[in-house]
Amino acid sequence: MTNPELVIRKAVWKGEEVDLLVADGKILDIIPSSDAMYEGAEVVAARGYLLMPSLTDVHTHLREPGFEYKEDIASGLKAAVHGGFSNIMCMANTSPVNDNAVITAEMLNKAHAAFPNGPRLFPVGALTKGLEAKELSSMHDLADAGCVAFSNDGVPVKNTELFRRALEYASDTGKPVIDHCEDPYLELGAGMNEGAVSSLLGLAGQPDVAEAAQVARDLLLAEYLDIHIHLAHISCRKSIDLIAWAKKRGVKVTAETCPHYLLLTEEAVEGYGTDTKVNPPLRTADDVEALLQAIREGIIDMFATDHAPHAAHEKEVEFMVAPCGISGLDSALSLTWELVASGKITFDDFIRMWTTAPCETFGLPLNSFKKGDVADFFLFAPDEEWTLSPETMHSKGKNTPFLGQTLKGRVISHFLGGKKIV
Amino acid sequence: MEWRHKDLLDISQLSKEDVWHIFETATYFQEINSRPVKKVPTLKGHSVVLFFAEPSTRTKTSFDMAGKRLSCDTFSLAKSSSSLTKGETLKDTALTLEAMNIDGIVIRHWASGAAAFLAERLDCSVINAGDGRHAHPTQALLDGFTLYQEWGALEGKTVLILGDIAHSRVARSNVIMLTMMGAKVRFCAPRTLLPPNIKSWPVEVFSDVNEASKGVDAIMCLRLQLERQQAGLLPDVREYSRYFGLGPKQVELASPNVKILHPGPMNRGVEIDSALADSASSLVLDQVASGVAVRMALLYLYLTRKK
């Protein structure tokens, strides 16, 4: 056996105390814990900490180029690695839009300059030029430059013919299309659910059928064309019922949901707090229950943060004019860990949703703690409490409805490719 | 009764006792309005900014007059004459005004929640004079006061609200106030002009204006914004007027002493028959008179509250 360069000693993995051996940036072995000596190896005492494979976030907005005051690639990656993530996929709604290889290359250069040893950035190319939903973008160029998927996230493609052609053209590159499911005619960007609370608050609401109608369109197209499609930030029961129906029929579909859809309901908007304004909007308790059940049944495949940082002055305005979005990278791990701790989802679901499913779906480096896997992992203190505050957040965006809350579970140290980053 | 509320954002913040107290106080101030010299020194030395970021004639004039009759200094600020047109945020406008050490802000704003936004950030009293589709508490109080003066009590009465309820802050605040005071409320409007989730509201909903009018004690018409037609919410004004407007037939079906209210401005011949607006059953001008008295009461209670 090659000599390990790094030994993580007495950490807990799946209930067992183990030693993790790392060499050449890869996992050499995981063995029952011992006091064996490994000459020349760095040994990290990890008793009491959980060992976790690094997480992958398939849906972030890092704002660079164009909106660096909200977030830049370096600050976004910093928040990511402190939040437990090794892989980040970032959407194309930058300025200029990431619809050409030059922008993609620049994003990758910036990421490498800030964090040469990771976390890794995987850009998502624009599905249409300028995200204008008029002409297809140069997807082969984008894929060659490093884009791992294509999306018009933030600007749904309402023209079904164009969307069909986009799915077909993208399939030639082997990269999936991620759709932002929203019928743009039904109160685009309202920022809150249409229902009892919007009615009382006198705010325009977006009904859940705005999402579900587009989900239905996408599923029918995916089946007809026999092409895989990924559905972004699913928020409601109606969409889940449709996805379950499609999966039974063998449609190639994967879907994500975000922590805030599992922990908050439309009632959070009472008081007009703009940090609760998100698209799709926070839904009802029934939708939350449906999402949790869908995770347990494997209908929802993965988590995503939909990390959408904004500057404080942009959110400290009237609800109707505030931009949509929650800054999520710093808190997503602790928030979803709470779902495991409270028994709402299992540890296995948690690992699948944050690591295996996203990596397999988008062809990213996977660490499932098997020999030869890339050594991306972190030590996690599951019971350690911390308060989410502007000071404890690494993202420039402090816009989160969870601000001030005490969260449980924290990253103690994070290793990427066998190197300690945090 | 000691008044402890800092802000008036909506009726839901008030108790039934609070509303009675406002009515009693307004009754007292209404007497001042009928004197030859309509000015008392009650709020001398106090200052209030009337911040109207949306057009208004009657509400602004009513607050202005209410303040002046109590010797309160009132300062008007409209969106067109403020730095909002230069891109200043609502927060900065508010902080600027408060730095001038005022006692209260009366705000009318196009965004739901704008009054709450200010109230969270300011130490002075904020009185909501209408925010988006959300609330218009002073209108609801003056409507309630007008009916209270007619009936003595609202308990057991049935009020029909007719018209564009979906976009109406007046309807929202009135439902809360009328039901709190023991009245029953009916809505009648085309489905496109009803709020979502109407089933959760404490009201009876009708789509037939004749059915809705049967036996009611008061009918409150709401102004139809003519742009609703362009927004695709109704086919044309003629059809709306015929099927959802208030005419003599509905008055015949209502209680013999039915009262007619309208928060104004009225589209005569659209949501209300012109003759009915001027009829003996109409309380439209009483509402305007009540408005001044109620707003005097509110300025008095909020500006002299126990801090």
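For clarity, every value in this text was computed on a predicted model and none was experimentally measured.

Caption draft 1: Spatial organisation of the pairing of strand 6 (residues 55-60) of chain A. All names here are of chain A. Burial of strand 6 is extensive: 6 of the 6 residues sit out of reach of the surface. With 4 bridges joining them, strand 6 and strand 7 (residues 85-90) adopt parallel strand pairing. Looking at strand 7, one finds that threonine 56 is bridged to asparagine 87. For the segment spanning strand 6, helix 1 (residues 73-82) and strand 7, crossover handedness is right-handed.

Caption draft 2: The interface of chain B and chain A, seen in detail. Chain B puts 21 residues into the contact, and the matching count from chain A is 17 residues. Taken together, the two surfaces of chain B and chain A that pack against each other cover about 1,500 Å², and 58% of this comes from carbon and sulfur. When the buried area of chain B at its contact with chain A is split by residue, Trp110, Ser112 and Pro196 of chain B rank highest and sum to 29% of it. Where chain B meets chain A, there are 2 salt bridges. A salt bridge links glutamate 316 of chain A to arginine 121 of chain B; its shortest N-O distance comes to 2.9 Å. At the junction of chain B and chain A, the tally comes to 8 residue pairs in polar contact (both at pLDDT 80 or more).

Caption draft 3: Empty space enclosed by the protein, seen in detail. For the structure shown, the criterion picks out 3 cavities of 30 Å³ or more. In this structure, the largest cavity encloses a volume near 110 Å³. Lining the largest cavity are Arg58, Thr59, Ser62, Gln139, Leu142, His262, Pro263, Val284, Gln287, Val288, Gly291 and Arg295 of chain B. Elements that contribute at least two residues to the lining of the largest cavity include exactly helix 2 (58-69), helix 5 (137-151) and helix 12 (284-303) of chain B. Among the elements that take part in the lining of the largest cavity, helix 12 of chain B stands out by supplying 5 residues, more than any other. Counted by class, the lining of the largest cavity contains 4 nonpolar, 6 polar and 2 charged residues. Looking at the second largest cavity, its volume works out to about 50 Å³. Along its surface, the second largest cavity is lined by Pro259, His260, Thr305, Ile326, Ser327, Gly328, Ser331, Ala332, Leu335 and Phe402 of chain A.

Caption draft 4: Fine view of the nonpolar core. One finds Leu141 and Phe187 of chain B to be the most contacted residues of the largest nonpolar core, which totals 85 residues. The dominant element in this core, judged by the number of residues it contributes, is helix 12 of chain B, at 10 residues. Setting aside residues no more than four positions away along its own chain, phenylalanine 187 of chain B makes contact with Leu160, Ile161, Ile165, Val175, Leu194, Ile198, Trp201, Val203, Glu204, Val205 and Phe206 of chain B. Among the nonpolar cores identified, the runner-up in size contains 83 residues, and Ala170, Val288, Leu339 and Ile345 of chain A belong to it.

Caption draft 5: Main features of the environment of alanine 289 of chain B. All names here are of chain B. By the secondary structure assignment, alanine 289 is in helix 12. Under the relative-accessibility criterion, alanine 289 is labelled partly exposed at 41%. Alanine 289 sits 16 residues away from arginine 305 along the chain, and the two C-alpha atoms are 25 Å apart.

Caption draft 6: Geometry of the sheet that holds strand 7 of chain A. Spatially, the 8 strands line up as an open sheet ordered 6-7-8-9-10-11-12-13 (chain A), and their pairing is parallel. The open sheet terminates on both sides in strands that have one partner only, identified here as strand 6 and strand 13 (302-303) of chain A.

Caption draft 7: View of the packing of helix 1 (residues 16-33) of chain B against helix 12 of chain B. Residue and element names in this part refer to chain B. Between helix 1 and helix 12, the shortest axis-to-axis distance is 8 Å and the interhelical angle comes to 115 degrees. The two elements helix 1 and helix 12 meet at a crossing, and its hand is right-handed. When helix 1 is examined against helix 12, the residues His21, Ile22, Thr25, Ala26, Phe29, Gln30, Ile32 and Asn33 are found in contact with a partner set consisting of Ala289, Ser290, Val292, Ala293, Val294, Met296, Ala297, Leu298, Tyr300 and Leu301. Looking at side-chain class alone, the contact of helix 1 with helix 12 contains 13 nonpolar, 5 polar and no charged residues.

Caption draft 8: Just the pattern of salt bridges, in detail. Overall, the coordinates contain 38 salt bridges over all chains when judged by the stated rule. When the shortest N-O distance is used, the salt bridge between glutamate 135 of chain A and lysine 129 of chain A registers 3.6 Å. The salt bridge partner of arginine 169 of chain B is glutamate 54 of chain B, with a shortest N-O separation of 2.9 Å. You can see arginine 169 of chain B sitting in helix 6 (residues 169-180) and its partner glutamate 54 of chain B sitting in the loop between strand 1 (47-52) and helix 2, a full 115 residues away along the chain. Via salt bridges that share partners, Glu161, Arg164, Arg165 and Glu168 of chain A belong to a single interconnected network.

Caption draft 9: Highlighting a nonpolar patch on the surface. Together, Met320 and Val321 of chain A together with Trp110 of chain B make up an exposed nonpolar region whose accessible area comes to about 260 Å². Mapped onto the fold, methionine 320 of chain A is located in the loop between helix 10 (312-315) and helix 11 (332-341). By relative accessible area, methionine 320 of chain A is classed as partly exposed at 42%.

Caption draft 10: View of the environment of leucine 8 of chain B. Residue and element names in this part refer to chain B. Turning to its location among the elements, leucine 8 is positioned in the segment before helix 1. Along the primary structure leucine 8 and leucine 283 are separated by 275 residues, whereas in three dimensions their C-alpha atoms are 25 Å apart. Not counting chain neighbours up to four residues away, the residues in contact with leucine 8 comprise Gln13, Leu14, Val126, Ile127, Asn128, Pro137, Thr138, Leu141, Leu298 and Tyr302.

Caption draft 11: The arrangement of the packing of aromatic side chains in detail. Residue and element names in this part refer to chain A. For the structure on display, the rule yields 20 aromatic pairs over all chains. Taken together, the aromatic side chains of Trp13, Trp337, Phe347, Phe350, Phe369, Phe378 and Phe380 make up a single cluster linked through ring pairs. Over the ring of phenylalanine 319 we find lysine 277, and its NZ or CZ is 5.4 Å from the ring centre.

Caption draft 12: Here's a closer look at the packing of helix 2 of chain B against helix 12 of chain B. All names here are of chain B. As a packed pair, helix 2 and helix 12 sit with axes 8 Å apart at the nearest point and diverge in direction by 55 degrees. Compared by their axis directions, helix 2 and helix 12 come out oblique. The handedness of the crossing between helix 2 and helix 12 is right-handed. Facing helix 2, whose interface residues are Arg58, Thr59, Ser62, Phe63, Met65, Ala66, Gly67 and Arg69, helix 12 presents Val288, Gly291, Val292, Arg295, Met296 and Leu299. The residue makeup of the contact of helix 2 with helix 12, split by class, is 7 nonpolar, 4 polar and 3 charged.

Caption draft 13: How the structure looks around unusual backbone geometry. Proline 96 of chain A follows serine 95 of chain A through a cis peptide bond whose omega is 0 degrees. Within the secondary structure, proline 96 of chain A is located in the loop between strand 7 and helix 2 (101-114). Of the consecutive residues asparagine 279 of chain A and proline 280 of chain A, the connecting peptide bond is found in the cis state with omega at 0 degrees. Although it is not a glycine, phenylalanine 369 of chain A adopts a positive phi angle of roughly 60 degrees. Among the secondary structure elements, phenylalanine 369 of chain A is positioned in the loop between helix 12 (347-362) and strand 14 (377-387). A relative accessible area of 8% places phenylalanine 369 of chain A in the buried class. The phi dihedral of asparagine 197 of chain B is positive, around 60 degrees, even though this residue is not glycine. Mapped onto the fold, asparagine 197 of chain B is located in the loop between strand 6 (184-188) and strand 7 (204-206).

Caption draft 14: Local environment of the sheet that holds strand 1 of chain B. Residue and element names in this part refer to chain B. Sheet architecture is open: 4 strands sit in the order 2-1-3-4, paired in parallel fashion. Of all strands in the sheet, those with a lone pairing partner are strand 2 (73-78) and strand 4 (125-131), marking the two edges. The average angle at which neighbouring strand axes cross in this sheet is 15 degrees, direction not considered. For strand 3 (residues 104-109) and strand 4, the ladder comprises 5 bridges, and the chain directions are parallel.

Caption draft 15: The arrangement of the pairing of strand 8 (residues 120-126) of chain A in detail. All names here are of chain A. Taken across its 7 residues, strand 8 has 6 buried, putting it largely inside the fold. The pairing of strand 7 with strand 8 spans 4 bridges and is parallel. Note that in strand 8 the partner of cysteine 90 across the bridge is proline 123. One ladder, built from 3 bridges, connects strand 8 with strand 9 (residues 149-151); its direction is parallel. By the bridge assignment for strand 9, valine 124 is matched with alanine 149.

Thresholds, definitions, all that
Starting from 1, residues in each chain are numbered consecutively following that chain's sequence as written. The naming scheme follows written order: chains are lettered A onward, ligands numbered 1 onward. Confidence filtering applies because this is a predicted model: local features only for residues at pLDDT of at least 70, side-chain atom pairs given and counted only at 80 or more, and all residues used for totals across whole chains, interfaces and linings. Processing note: side-chain calculations cover all non-hydrogen atoms of the structure and skip hydrogens and water entirely. Relative accessibility thresholds used throughout: buried, under 20% of the residue-type maximum; exposed, over 50%; partly exposed, between the two (1.4 Å probe, protein chains only). A helix here means a DSSP run of H or I that spans at least four residues, while a strand means a run of E at least two residues long, and both kinds are numbered starting from the N terminus. Between any two strands, pairing holds if DSSP finds at least two bridges. When the strands point away from the viewer, a crossover counts as right-handed if the path from the first strand over the helix to the second runs clockwise. Every residue pair with non-hydrogen atoms within 4.5 Å of one another is taken to be in contact. Values labelled buried area give the accessible surface lost by two parts on being combined, using a 1.4 Å probe and summing over both. Whenever Lys or Arg places a side-chain nitrogen within 4 Å of a carboxyl oxygen from Asp or Glu, that contact is recorded as a salt bridge. Any pair of N or O atoms that falls within 3.5 Å is considered a polar contact. Within protein, one atom must be able to donate a hydrogen and the other to accept it, and sequence-neighbouring residues count only if both atoms are side-chain atoms. In the cavity and pocket records, a cavity denotes points on a 1 Å grid over the protein atoms alone where a 1.4 Å probe fits but cannot get out, a pocket denotes an open set with protein on both sides within 12 Å along at least 5 of 7 lines, and lining residues are residues with an atom within 4 Å of a point. Grid points are joined across faces, edges and corners, and a volume is the space filled by probe spheres set on the points. Residues were grouped as follows: Ala, Val, Leu, Ile, Met, Phe, Trp, Tyr, Cys and Pro as nonpolar; Asp, Glu, Lys and Arg as charged; and all remaining residues, including Gly, as polar. The nonpolar core is taken to be a set of buried Ala, Val, Leu, Ile, Met, Phe, Trp, Tyr and Cys residues, with the residues joined through side-chain atoms within 4.5 Å. For helices, the fitted line uses only the C-alpha atoms of the stretch in contact; every axis is such a line through C-alpha atoms, and the angle between N-to-C directions lies from 0 to 180 degrees. Whether a crossing is left-handed or right-handed is set by the direction in which the near helix is turned from the far one by less than a right angle, anticlockwise for left-handed and clockwise for right-handed. Patch members must show over 30% relative accessible area and no salt bridge, and they are joined within 9 Å when carrying like charges or within 5 Å when they are nonpolar side chains of Val, Leu, Ile, Met, Phe, Trp or Tyr. For every accessible area listed, the method is Shrake-Rupley and the probe measures 1.4 Å; residues are considered covered only by the protein chains on display. Only the six-membered ring of Trp is used, alongside the rings of Phe and Tyr, when aromatic pairs are assigned; centres must lie within 6.5 Å, and planes under 30 degrees apart are stacked while those over 60 apart are edge-to-face, with the rest tilted. Charges are assigned to positions over rings by a cutoff of 6 Å between ring centre and Lys NZ or Arg CZ, combined with an angular limit of 35 degrees from the ring normal. Under this scheme an angle from 65 to 115 degrees is roughly perpendicular, one under 35 degrees roughly parallel, and one over 145 degrees roughly antiparallel; angles in between are oblique.

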